[in-house]
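# Remarks on the overall topology
So you can see what is in the structure, the chains are spelled out below.
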Amino acid sequence: MIARRSHRADLEALAAEMSAPRRAAAEPPPPPPPPPPPPEGDGAGRVAEALELLDELKERLEDGFSDTREFTVNHPVAALSAAFLLGIAVGRLWRSA
């Protein structure tokens, strides 16, 4: 009987732990703080240039991701083979280091 009670208590504790993330996920996260205002003067041009570069990088990454996704859908065996060979290459590099 004692073993049954301890198992039941363990199961109830696990159920309580598993339901806690669901309750936390139901609550919306707090809104992020507003971004700081851009600096005045010479720094403002640099910030604008950095933002333009980040936007260009984001566009290129999105294009690359869509190209990769299209290739993977059209050629799944080639994509799987490339991933396998990449894994072998990384494994050999890791082993030799």
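Structure shown above.
Here's what I pulled together on the structure shown here. The shown structure was predicted, so the numbers you read here are calculated from the model rather than taken from an experiment.

### So, the overall build of the protein
Broken down by element type, the protein carries 3 helices and 0 strands. For the protein, the residues scored as buried account for 2% of the 97 residues in total. Accessible surface, the protein: about 9400 Å² in total, of which carbon and sulfur atoms supply 65%.

### Section: the pattern of salt bridges
With the rule as written, the count across this model stands at 1 salt bridge. Glutamate 56 is paired through a salt bridge with arginine 60; the nearest N and O atoms lie 3.0 Å apart. Pair noted here: glutamate 56 and arginine 60 are both in helix H2 (residues 42-74), with a separation of 4 residues, about one helical turn. Overall, the relative accessible area of 59% leaves arginine 60 in the exposed class.

### Section: the environment of phenylalanine 71
When you line up the elements, phenylalanine 71 lands in helix H2. Beyond its immediate chain neighbours, meaning those up to four positions away, phenylalanine 71 contacts Ala78 and Ala79.

### Things to note about a negative patch on the surface
On the surface, Glu49, Glu52, Asp55, Glu59, Glu62, Asp63, Asp67 and Glu70 cluster together into a patch of negative charge. On the secondary structure map, glutamate 62 appears in helix H2. Looking at glutamate 62, the relative accessible area reads 45%, which means it is partly exposed.

Conventions and cut-offs
Residues numbered from 1 in each chain as written. Predicted model: local features only at pLDDT ≥ 70, side-chain atom pairs only at ≥ 80, totals over all residues. Heavy atoms only, no water. Helix = DSSP H or I, 4+ residues; strand = E, 2+ residues; numbered from the N terminus. Buried < 20%, exposed > 50% of the residue type's maximum accessible area, 1.4 Å probe, protein only. Areas by Shrake-Rupley, 256 points an atom, 1.4 Å probe, with all protein chains shown as cover. Salt bridge = Lys/Arg side-chain N within 4 Å of Asp/Glu carboxyl O. Contact = heavy atoms within 4.5 Å. Patch = residues over 30% accessible without salt bridge, like charges linked within 9 Å, V, L, I, M, F, W, Y side chains within 5 Å. Lys, Arg positive; Asp, Glu negative; His and termini not counted. Charge placed at Lys NZ, Arg CZ, Asp CG, Glu CD.

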